[in-house]
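# Reading the structure
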Amino acid sequence: MDAGLGTRDWLEGRLKAGADSCMMVFLDRPSASGHTAVSVAGARQVQMFQSGQWVPAPVGAINAAQPRECRGGGDNG
């Protein structure tokens, strides 16, 4: 969930490193604003599907483990 994506609803995607090694959520489909990915640091909320339920992702730990230049947020818009 990220206000900059043009929706207040949840969007599904996959958590993986981008070409610059920063952790991103690559969206399953473009958002209403045309974005196809958002940084973990920039997302308002991230959840993971685990053991049959949605649980909050450890965004703080994921962000802390990234290189410093990846911690500022942003998207591909």
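Along each chain, numbering runs from 1 in the same order as the chain's sequence is written. Given that this is a predicted model, residues contribute local features only at a pLDDT of at least 70 and side-chain atom pairs are listed and counted only at 80 or more, while totals for whole chains, interfaces and linings are drawn from all residues. Where side-chain values are given, they derive from all heavy atoms of the structure, hydrogens and water being excluded.

### Side note on the sheet that holds strand β1 (residues 13-17)
Strands sit in the order β1-β2-β3 across an open sheet of three strands; the sheet is antiparallel. In this open sheet, the two edge strands, each paired with only one partner strand, are β1 and β3 (37-39). On average, each strand axis in the sheet is tilted by 25 degrees relative to the strand beside it, whichever way the strands run. Here, strands pair whenever DSSP counts at least two bridges between them. Helix numbers and strand numbers start at the N terminus; a helix is a DSSP run of H or I with at least 4 residues, a strand a run of E with at least 2. When strand β2 (residues 23-27) meets β3, the two strands line up antiparallel, connected through three bridges. Each residue of the ladder has a partner; that of V25, found in β3, is V38. Lines fitted to the C-alpha atoms define the axes, with helices restricted to the stretch that makes contact. Angles between their N-to-C directions range from 0 to 180 degrees.

### Quick look at the side chain of Q66
With respect to the element layout, Q66 can be found in the segment after α1 (59-64). The exposure class of Q66 is buried, given its relative accessible area of 4%. Whether two residues are in contact is decided by their heavy atoms: any pair within 4.5 Å suffices. When near neighbours in sequence (up to four residues on either side) are disregarded, Q66 contacts S21, C22, M23 and R71. For each residue, the accessible area found with a 1.4 Å probe, counting protein chains only, is set against the maximum for its type, and the residue is called buried under 20%, exposed over 50%, and partly exposed in between.

### Side note on the pairing of strand β4 (residues 47-50)
Here four bridges tie β4 to strand β5 (residues 53-56), and the two strands are oriented antiparallel to one another. If you follow Q50 over to β5, its bridge partner there is Q53. Hairpin connection from β4 to β5: two residues lie between these consecutive antiparallel strands, with S51 at a positive phi of about 55 degrees.

### Description of the packing of aromatic side chains
In this description, a pair of aromatic rings is defined by centroid distance and the angle of the planes. Working definition: a ring pair exists when centres of Phe, Tyr or Trp rings (six-membered ring for Trp) sit within 6.5 Å. Plane angles under 30 degrees give stacked, over 60 give edge-to-face, the rest tilted. Applying the stated criterion across every chain yields a total of one aromatic pair. Should the NZ of a Lys or the CZ of an Arg lie within 6 Å of a ring centre and within 35 degrees of the ring normal, that charge is described as sitting over the ring. Between the NZ or CZ atom of K16 and the centre of the ring of F26, over which it lies, the distance is 5.2 Å.

### Comments concerning the state of the cysteines
We call a pair of cysteine sulfur atoms a disulfide when they lie within 2.5 Å. Throughout the structure, instances matching the rule amount to one disulfide. With a sulfur-sulfur separation of 2.0 Å, C22 is cross-linked through a disulfide to C70. Judged by the sign of its S-S torsion, about -75 degrees, the cystine formed by C22 and C70 is left-handed. Here C70 lies in the segment after α1 and C22 lies in the loop between β1 and β2, a separation of 48 residues in the sequence. The exposure classification of C22 matches that of C70, with both residues buried.

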